[in-house]
Amino acid sequence: MSHYHPLSEAEAIEIARSIKEVFPQDGEFVCREIGDGNLNLVFHITQPATGAGIIVKQALPYVKVFGESWPLTVDRARIENQALIKQGEISPGLVPKVYKTDTEMALTVMEDLSDHVIMRKGLIEGGVYPAFAEQISEFAARTLFFTSDLGMSPQDKKLLVQSFVNPHMCKISEDLIFEEPYYDAKANNIDEAIRDAAEANWADEELKLEVALLREKFLVSAQALLHGDLHTGSIFVTPESTKVIDPEFAYFGPMGFDIGAILANLLLNFAAQEHWSADEAARRDRRAYLLNTVRDVWTLFEAKFRKLWNEQGTDRLLGSAAFQDDYMRRLLQDTVGFAGAKTVRRVYGFAHVADIDSIPDAAAKERAQRLALAIGTSLIKGNRQASSIEDVIRIATEAAAT
Ligand code: SR1
Ligand code: MG
């Protein structure tokens, strides 16, 4: 019988005390539950005498932001710690160090990153992160390449796929990203001010066809091991450092879903500048920074991915230059489409983003929501024609100018 139960702070301290590589000496510990995400308990345990700290994260058997009436498997903790370990092997230094896991208790004990800030918060506060594009593109290129049929043997890949079958978490994404935003679903969270825009999407057959095609890819493509929820709330940053956390949605899916998530969340912040920038000039500068980051993330990703392919590709037939060009074109198009879907769902689906939701002025918030929807729907509708990252920049720039 499972001994799973939600941890108390006292138990979290006992677990921390056992991690001798962080806390070699015994002494007083301080514990705070700091989980501000949608799903889990997160304990931050520190030792004031030494300044050392650690994180104990535990999955709850339900969706925390909704309540116990929405049950959710705690197996996601196993997926998360396996993914963190795999990503750490492939992209050293870009994920937190894992000290201990306990599958039955659904917990992961990991590096304290409190010298970093959650990127969503950092962007809302106007932060600038010069190392971000370089490091996140390195993370994405390496983790996606080395878990795909391009960078590992297809036989080993099939065995790895088995360990990352994640149906319950995928169902959340299927519902919240690809289904509910496209009909009058009960779980949608629609501000009355923009209900007309949501209704327009429900009636837009061209949009829904593209979303159905993206959803099909999400369902059937096992291209690579994805992080699965790579928004700016899953990324810790400083100006010099990037660390990717929270891969509980990891599964083998289409690569563009991960890269699209990064771009979507930069674009959501771009839309939110309707409020966060002090004046027109500041808004222009901030938006230029965000669009340059969008461009850099894709451009660096593409260059790194192609380099890995050319230097470390495992399959002779897949080595054709024409095939590589075709693959990268399709990957860009998927990225554009998934970026659009991930933008729309955050405006009026179940789970929003603080970039827009914390805008106090109702008129500015509505403008930001409408701008995000204009960008998101254009990306979705244009995904199969995209030929360059400049198409994304153009769509965002034109939407902001109208
Ligand atoms: C029910 S969980 C809502 C959202 O939070 C996570 O971060 C995922 O993005 C999920 O869709
Ligand atoms: Mg998360």
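The structure displayed is predicted, hence computed values, not measured ones.

Before going further, it helps to spend a moment on the sheet that holds strand β3 (residues 52–59). The five strands are arranged β1-β2-β3-β7-β6 in an open sheet whose pairing can be described as antiparallel. Edge positions in the sheet fall to β1 (30–33) and β6 (98–102), since each has one partner strand and no second. Put simply, the sheet's adjacent strands are angled 15° from each other on average, direction ignored. Bridge count between β6 and strand β7 (residues 107–111): four bridges; the pairing is antiparallel. Of the residues in β7, the one forming a bridge with Thr101 is Thr108. In the packing of helix α1 (residues 9–17) onto the sheet, the strands contacted are β1, β2 (40–47), β3 and β7, and the crossing angle to β2 comes to about 60°.

This part is about the UniProt feature "binding site: ATP" (unreviewed entry) in the chain. With numbering matched to this structure, UniProt assigns "binding site: ATP" (unreviewed entry) to Asn40, Lys57, Glu111, Asp112, Leu113, Asp246, Pro247 and Glu248. Its location among the elements puts Asn40 in strand β2. The buried category is assigned to Asn40, around which 21 C-beta atoms lie within 10 Å. Setting aside chain neighbours within four positions, we find Asn40 in contact with Gly35, Lys57, Gln58, Ala59, Leu60 and Lys64. You can see Glu248 is positioned in the loop between β11 (242–244) and β12 (251–253). Filtering out sequence-adjacent residues up to four positions away, Glu248 remains in contact with Arg76, Ile79, Glu80 and Met169.

Quoted interface sizes are often the accessible area lost when the parts come together. Annotation of the chain at the domain level lists domain 1 (9–111) and domain 2 (117–401). Of note, the centres of domain 1 and domain 2, computed from C-alpha atoms alone, are 26 Å apart. Taken together, the contact between domain 1 and domain 2 spans 17 residues of the former and 21 residues of the latter. Considered class by class, the residues forming the side of domain 1 that touches domain 2 number eight nonpolar, six polar and three charged.

Ligand 1 sits among Asn38, Leu39, Val63, Ile172, Ser173, Leu176, Asp229 and Ala351. Among the elements that line the shell around ligand 1, the one with the most residues is helix α6 (residues 167–179), at three residues. In terms of residue class, the shell around ligand 1 is built from five nonpolar, two polar and one charged. Counting contributing residues, the shell around ligand 1 receives three or more from each of domain 1 (9–111) and domain 2 (117–401).

Okay, the sheet that holds β11 next. Taken together, three strands build an open sheet; the order of strands is β8-β10-β11 and the sheet is antiparallel. Looking at the sheet topology across the chains shown, the edges are occupied by β8 (117–118) and β11. This element, helix α4 (residues 132–146), spans β10 (235–237) and β11 of the sheet and lies at about 35° to β11.

With that settled, consider unusual backbone geometry. Both trends apply: most residues other than glycine have a negative phi, and most peptide bonds are in trans. Positive phi is not limited to glycine here, since Ala106 has a value of about 55°. With respect to the helices, strands and loops of the structure, Ala106 is situated in the loop between β6 and β7. You can call Ala106 buried: it has 26 C-beta atoms within 10 Å. Positive phi outside glycine occurs at Asp246, with the angle close to 65°. For Asp246, the position within the fold is in the loop between β11 and β12.

Definitions and limits used
Residues numbered from 1 in each chain as written. Chains lettered and ligands numbered in written order. Predicted model: local features only at pLDDT ≥ 70, side-chain atom pairs only at ≥ 80, totals over all residues. Pairing = 2+ DSSP bridges. Helix = DSSP H or I, 4+ residues; strand = E, 2+ residues; numbered from the N terminus. Axes fitted to C-alpha atoms, helices over the stretch in contact; angles between N-to-C directions. Contact = placed C-beta atoms within 7 Å. UniProt positions renumbered as here; feature names shortened; annotations may be inferred. Buried ≥ 20, exposed ≤ 12 C-beta atoms within 10 Å, placed from the backbone. Domains from an automatic or database assignment. Nonpolar A, V, L, I, M, F, W, Y, C, P; charged D, E, K, R; others polar. Near = placed C-beta within 6 Å.

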